[in-house]
Structure formats: C-alpha cells, structure tokens
Amino acid sequence: MSTSTVSRARAPERPLANSEAAPAVELTGVAKRYAGTVAVHPLDLSLRRGETVALLGPNGAGKSTTIGMMLGIVRPDAGTARVDGRTAARAVADGRIAGMLQDAGAMPGVRVAELVRLSERSYPNALSTASALELAGLTGEAKRRVDRLSGGQAQRLRFAMAIVANPEVLLLDEPTRALDVQGRAEFWAAMRDFAHSGKTVVFATHYLDEVAENAQRVIVIAGGRIIADGTPEQIRGTAGTSVVRFRFDGAAGAARHVDLLAELPGVKSVEHAAVENRAGQATVTCADADTVVRALVTTVPGWHDLQVAPPDLNSTFLELTQPERSRS
Ligand code: ADP
C-alpha cells in the first residue's frame, strides 16, 4: 500500500460531557513493584486533553507498566489512575480509553472489516467500522484476510481496533516496533489524523526520530521515575549538550591539542580523528558552545572550519537516562 492511500479522514466530533473539565489522564502517586523489582516508583502525571505525548525511555524503564496502569490492566500497589474523570477500569468499559498493545494477536482467516466490527459492537459510543478503517488507511483492505496483511497493515488493523472505540485517550505501546520505514511512515500518518481530531494520544517508544516528529510533549522515564517532562525542544535543552567541531592542518594537529581542549570550561568530552586531506578533526561535546568557542579563540592555536551543532535529542536522551541520573 502506498503512503498516498493513507486516509485523511477525521473522527467525528462528540458532545461535551461533564467529565470534559477533568484531565485526560491523571496518575496520582501510582507505584508498582514485581517481586523484588520496582517497576514504577510513586509517580504523578497529568495529561491534558488533545496532547500527543511520547513516553521515552530505555527497556525496563517502566513505560509499559505506566501504560498498563492507565488502561486498568496493571493494578497499582499504591495511588490512583483516573482517565476522563473516572477510574481507569470504568474508562475502559466506557470506551473512553483504548490501547494498542505490543502483543495483541489476530485471528487467522477472519477478514479485516469483520474483526473491526467485532470491536465496534463492544463499545457504547463507537465509530463506525468504515470510519475506523478510513482513519487507519485500511479501506482498501476491508475484505482481506487478516493473515494476508503486510506487517504495516497488520499494525494499522490493531490501530483500527483501538480507535473504533472512539476513545478520548489512545495508548500505543511501541506501535512501530518491527515495522519497515514505509510501514512506520504510514502508521504515523494515520496516528496524526486521529490526534488532529482533538484526541489525546500517548505512545511509548525508544525511536527518537518518532518523538521529534510526532509528539508535542515528551516524558522521559528511567528506572521507574519521570526524569524529564517538556516539549522536544525543552528536553533537548535539559541536558544542554552541544557539539563543537573544527579542524587542524595535519592529522596529528587535533591529537596534539586534546589535553588543552579537555580543560576548556564546560567540556564533557573530546574526540579527535584524522579526516580527508590529511587534516585532523576535533569534536568537543560541551554544556555551552558559546563559552567553549570564546575560550578556543584565546587559548588554542591553529584551528579552522568551526561548526557548532545544537543539542540533539539522541545525546540528550542518553545523558538523561544514564543510571546515575535516574537514581538522583
Ligand atoms: P518498559 O516498558 O519501559 O520496557 P516495563 O514497564 O515493561 O518497562 O518494565 C519495568 C520493570 O518491571 C522491568 O524491570 C521489568 O522487568 C519489570 N516487569 C514488568 N512487568 C513485569 C511482570 N509482569 N513481572 C515481573 N516483572 C515485570
């Protein structure tokens, strides 16, 4: 299926309810422990309506457990999980929250539309099967057997089965795991269409490019705690790692100055390498590029071709999720 066939439909508007004033999701002091392992330390989290939120963190950080508590499938040892102004379990039964989980299987031999219609019948305020298929970009596959779908289509079928509930809050646990580049692009196009209809979307991932492109808010989780919460730009600024690169004539030039560079204010690391035309390149990772460049001018001779790169989400993420940071 080509990207151009992905639907641009919008989920229908729904009337205002009393619960409209409540946050989409409100976790208050929720905590979860498995035998000797703390999965989630006491955690508070409030999600506004209409936000698209990424839960970002390494494996074992507590993302799935947190999502499970929002969906009422993981029972917190302490605290409360409220969704759309009611308990998580009530919100699931009312179709106000729905999840697309990692390990949902499909029944072989069944057709796409039949499976979505089964979901449709179990929710009080469901979308029509046709709308859900359109939002998921699966209208053309409605009559196809579910065991004959591509990986990307199968994933969007699971998406259709979740959104047919017409939930206020949609939870996606690593939705593009094992998808190829095209499958991922098609999936996110469908997700954005759903989010644009004013719904709250929460997704767990460890693909940083997906966060920058698809989330308005990023919550970084490590060691069962929230260690950062903000826009992708704010998260980048949290660790404040910039990269300054420059060259020296002669492959040994950069190597000769490594000690000097390491002593510049705010420098976190220095790497050097021989590059083309027998030049040497130094790469300095630092807290504040302005300070390093000012010091460079006055203390280090013979450099040229200066480049300054802003903090990238990748290095910020790695820095934030190092164990010593997550325990603090
Ligand atoms: P993530 O989704 O970020 O990879 P999880 O929430 O799945 O993290 O896991 C958090 C921690 O809790 C991990 O140490 C994991 O091994 C543990 N854990 C999660 N679910 C269970 C379970 N059902 N039984 C035992 N330990 C679990």
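Only a predicted model underlies this, so the values are computations on that prediction, with no experimental measurement involved. (Residues numbered from 1 in each chain as written. Predicted model: local features only at pLDDT ≥ 70, side-chain atom pairs only at ≥ 80, totals over all residues. Heavy atoms only, no water.)

## As for the packing of helix α5 (residues 151–163) against helix α6 (residues 181–196)
Reasoning step 1: At a minimum axis separation of 9 Å, α5 and α6 run at an interaxial angle of 15°. With respect to each other, α5 and α6 are oriented roughly parallel. The element α5 and its partner α6 pack so that their crossing is right-handed. On α6, the residues that touch Gly-152, Gln-155, Arg-156, Phe-159 and Ile-163 of α5 are Gly-183, Glu-186, Phe-187, Ala-190, Met-191 and Phe-194.
Reasoning step 2: The residue makeup of the contact of α5 with α6, split by class, is 6 nonpolar, 3 polar and 2 charged. (Axes fitted to C-alpha atoms, helices over the stretch in contact; angles between N-to-C directions. Helix = DSSP H or I, 4+ residues; strand = E, 2+ residues; numbered from the N terminus. Parallel < 35°, antiparallel > 145°, perpendicular 65-115°, else oblique. Left-handed = near helix turned anticlockwise from the far one by under 90°. Contact = heavy atoms within 4.5 Å. Nonpolar A, V, L, I, M, F, W, Y, C, P; charged D, E, K, R; others polar.)

## Concerning the pattern of salt bridges
Reasoning step 1: Within this structure, the stated rule accounts for 15 salt bridges.
Reasoning step 2: Of the charged contacts in the structure, one is a salt bridge between Glu-168 and Arg-96, with a shortest N-O distance of 3.8 Å. Of this pair, Glu-168 sits in the loop between α5 and β7 (169–173) while Arg-96 sits in the loop between α2 (88–93) and β6 (97–100); the two residues are 72 residues apart in sequence, bridging distant segments of the chain.
Reasoning step 3: Under the relative-accessibility criterion, Arg-96 is labelled buried at 8%. (Salt bridge = Lys/Arg side-chain N within 4 Å of Asp/Glu carboxyl O. Buried < 20%, exposed > 50% of the residue type's maximum accessible area, 1.4 Å probe, protein only.)

## What to know about the confidence of the model for the protein
Reasoning step 1: Confidence along the protein averages 85 in pLDDT terms, with 89% of residues attaining 70 or more.
Reasoning step 2: When mean pLDDT is taken per element in the protein, strand β1 (residues 25–34) scores highest with 97 and helix α13 (residues 323–327) scores lowest with 47.
Reasoning step 3: Contacts from residues 1–18, a stretch scored under 50 in pLDDT, to residues over four places away or in other chains number 37 contacts.
Reasoning step 4: Of the regions scoring below 50 in pLDDT, residues 324–328 engages in 7 contacts with residues more than four places distant in sequence or in other chains. (pLDDT = per-residue confidence, 0-100.)

## Re the nonpolar core
Reasoning step 1: By size, the foremost hydrophobic cluster in this structure holds 46 residues, and its most contacted members are Phe-159 and Leu-172.
Reasoning step 2: For this core, the leading source of residues is α6, giving 6 residues.
Reasoning step 3: With near-sequence residues (within four places) excluded, Phe-159 lies in contact with Met-100, Leu-135, Ala-136, Leu-170, Leu-172, Phe-187, Ala-190, Met-191 and Phe-194.
Reasoning step 4: Counting residues in hydrophobic clusters, the runner-up holds 28 residues, among them Ala-24, Val-40, Leu-47 and Val-202. (Core = buried A, V, L, I, M, F, W, Y, C linked by side-chain atoms within 4.5 Å.)

## Structural notes on the environment of Leu-264
Reasoning step 1: Considering the arrangement of structural elements, one finds Leu-264 in the loop between α10 (258–262) and β12 (267–274).
Reasoning step 2: Discounting residues that sit within four places of it in the chain, Leu-264 has contacts with Val-292, Ala-295, Leu-296 and Thr-299.

## What to know about the site of the ligand
Reasoning step 1: Neighbouring the ligand are the residues Tyr-34, Thr-37, Ala-39, Pro-58, Asn-59, Gly-60, Ala-61, Gly-62, Lys-63, Ser-64 and Thr-65.
Reasoning step 2: The contact in question runs from an oxygen atom of the ligand to an N or O atom on the backbone of Ser-64, over 2.7 Å.
Reasoning step 3: Contact with the protein chains covers 60% of the free accessible surface of the ligand, which is 560 Å².
Reasoning step 4: Listed by contribution, the elements that provide at least two residues to the shell around the ligand are β2 (37–47) and α1 (63–70). (Near = heavy atom within 4 Å. Polar contact = N/O pair within 3.5 Å; in protein donor to acceptor, adjacent residues only side chain to side chain. Areas by Shrake-Rupley, 256 points an atom, 1.4 Å probe, with all protein chains shown as cover.)

## Quick notes on the environment of Arg-177
Reasoning step 1: For Arg-177, the position within the fold is in the loop between β7 and α6.
Reasoning step 2: The spacing of Arg-177 and Thr-205 is 28 residues in sequence and 8.4 Å in space, taken between C-alpha atoms.

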